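# Understanding the architecture of this molecule
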Amino acid sequence: MLIADVVGEMRSIVDRAKIDDDVNGYFAAMYLGVTTTVERGLSTGLFTTPERLSALTVAFAGRYLDALALERRIEPPTRSWDAAFTAARTWRPTVLQHLLLGMNAHINLDLGVACAQVAPGDAIGELEADFLEINRVLAGLVQSVQDRLNRVSPLYRFVDDISGETDRAVVNFSIARARTEAWRFALELAPLDAAAREQRIATRDDAVARIAARVVRPGAIASTGLLAVRLTERGERAEIIDILASSE
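Residues numbered from 1 in each chain as written. Predicted model: local features only at pLDDT ≥ 70, side-chain atom pairs only at ≥ 80, totals over all residues. Heavy atoms only, no water.

## Examining helix α2 (residues 24-43)
We apply this condition: A helix here means a DSSP run of H or I that spans at least four residues, while a strand means a run of E at least two residues long, and both kinds are numbered starting from the N terminus. What a helix is expected to span follows from its residue count: subtract one and scale by 1.5 Å. Each residue is assigned to one of three classes by its accessible area relative to the maximum for its type, calculated with a 1.4 Å probe on protein chains only: buried under 20%, partly exposed between the two thresholds, exposed over 50%.
Taking 1.5 Å of rise per residue, 20 residues should cover 28 Å, and α2 covers 29 Å from first to last C-alpha, within 8% of that figure. With 16 of 20 residues buried, α2 is to be regarded as a mostly interior element.

Pasting the structure below:
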């Protein structure tokens, strides 16, 4: 599979989610934007090892596509993705929580696995420069995602305030921190044989699923604030998906 094929599959997922009124389309819409940005960087010489970065992007996206395919077949994905898909069947989580649940599973678990898969053993070190460059690309997208959330609910501008000082498991989810931990996880996995790697992935999956539980139920103060956000989210699901997928 090529990165163009991944982008095509992402677009199909987004289109289907709009038709099916499926909140899983929220994360897919955001992820489509990230993948398109990386694809553009590969074509403009942004990365030092474009072939390996393309392979990483495809392997990374493949774990999400496989998890979603399992969910649609009513088969169990990883515990991390199961938490995200389970939340998608309930009313209470906000758009932000759905996005964070997807990022939690995909960055905290899938990214390290994909890195070690593409660059096993000593080759993992050769991937670091481009991995850090992708971090910079993602950092540039954070504000645009925030702007889109502001179009969904005016209260997203105040989400730090309404979540309280000591109860902020949702708001404090950091893409930069998660990707730093993902790289450490990749370094752990790269030298392992297949059996040891699978055991370590399972242990990591359990830990990431526990983070998902805190995102869904962050505590009384944050939950009350997030309920207020949920009640003010505007538009049908298809409209919200369009907002998250837009380049504006």
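## Concerning empty space enclosed by the protein
The test is simple: Only protein atoms enter the 1 Å grid used here. Points where a 1.4 Å probe fits but cannot escape make up a cavity, open sets with protein on both sides within 12 Å along at least five of seven lines make up a pocket, and a residue lines them when an atom lies within 4 Å of a point. Grid points are joined across faces, edges and corners, and a volume is the space filled by probe spheres set on the points. Gly falls in the polar group here, along with every residue not listed as nonpolar (Ala, Val, Leu, Ile, Met, Phe, Trp, Tyr, Cys, Pro) or charged (Asp, Glu, Lys, Arg).
Applying the stated criterion across every chain yields a total of 1 cavity of 30 Å³ or more. Looking at the largest cavity, its volume works out to about 90 Å³. Surrounding the largest cavity, Val23, Asn24, Phe27, Tyr64, Trp81, Ala84, Phe85, Ala88, His98 and Gly102 form its lining. Within the residue set of the lining of the largest cavity, elements represented by two or more residues are α2, α4 (79-87) and α5 (95-118). Of the residues forming the lining of the largest cavity, the biggest block, 3 residues, is contributed by α4. For the lining of the largest cavity, the residue count by class is 7 nonpolar, 3 polar and no charged.

## Focus: the packing of α5 against helix α6 (residues 128-152)
Note the following rule: The axes are straight lines fitted to the C-alpha atoms, using for helices just the contacting stretch, and the angles between their N-to-C directions are given from 0 to 180°. Orientation categories follow fixed angle ranges, with anything under 35 degrees roughly parallel, anything over 145 roughly antiparallel, 65 to 115 roughly perpendicular, and all other angles oblique. When checking whether two residues touch, look at their non-hydrogen atoms; a contact exists if any pair is within 4.5 Å.
With their axes 13 Å apart at the nearest point, α5 and α6 run at an angle of 170° to one another. Considered as vectors, α5 and α6 are oriented roughly antiparallel to each other. Seen from α5, the contacting residues are Val95, Leu96, Leu99, Leu111 and Cys115; seen from α6, they are Phe131, Val145, Leu149 and Val152. Counted by class, the contact of α5 with α6 contains 9 nonpolar, no polar and no charged residues.

## A closer look at the nonpolar core
Soluble, globular proteins show a tendency: their nonpolar side chains are buried together. Our working definition: Put simply, buried Ala, Val, Leu, Ile, Met, Phe, Trp, Tyr and Cys residues joined by side-chain atoms within 4.5 Å make one nonpolar core.
Membership of the largest hydrophobic core comes to 69 residues, with the highest contact counts inside it found for Tyr64, Val95, Leu99 and Cys115. Of all the elements, α5 adds the most residues to this core, at 11 residues.

## Side note on the layout of surface pockets
Empty space within the second largest pocket amounts to approximately 270 Å³. Lining the second largest pocket are 17 residues, with Gly33, Thr36, Arg148, Ala245 and Ser246 sitting closest to its centre. At the level of elements, α1 (3-20), α2 and α6 are the ones that each hand at least two residues to the lining of the second largest pocket. Here the lining of the second largest pocket gets 7 residues from one element, more than from any other, and that element is α2. A per-class count over the lining of the second largest pocket returns 7 nonpolar, 6 polar and 4 charged.

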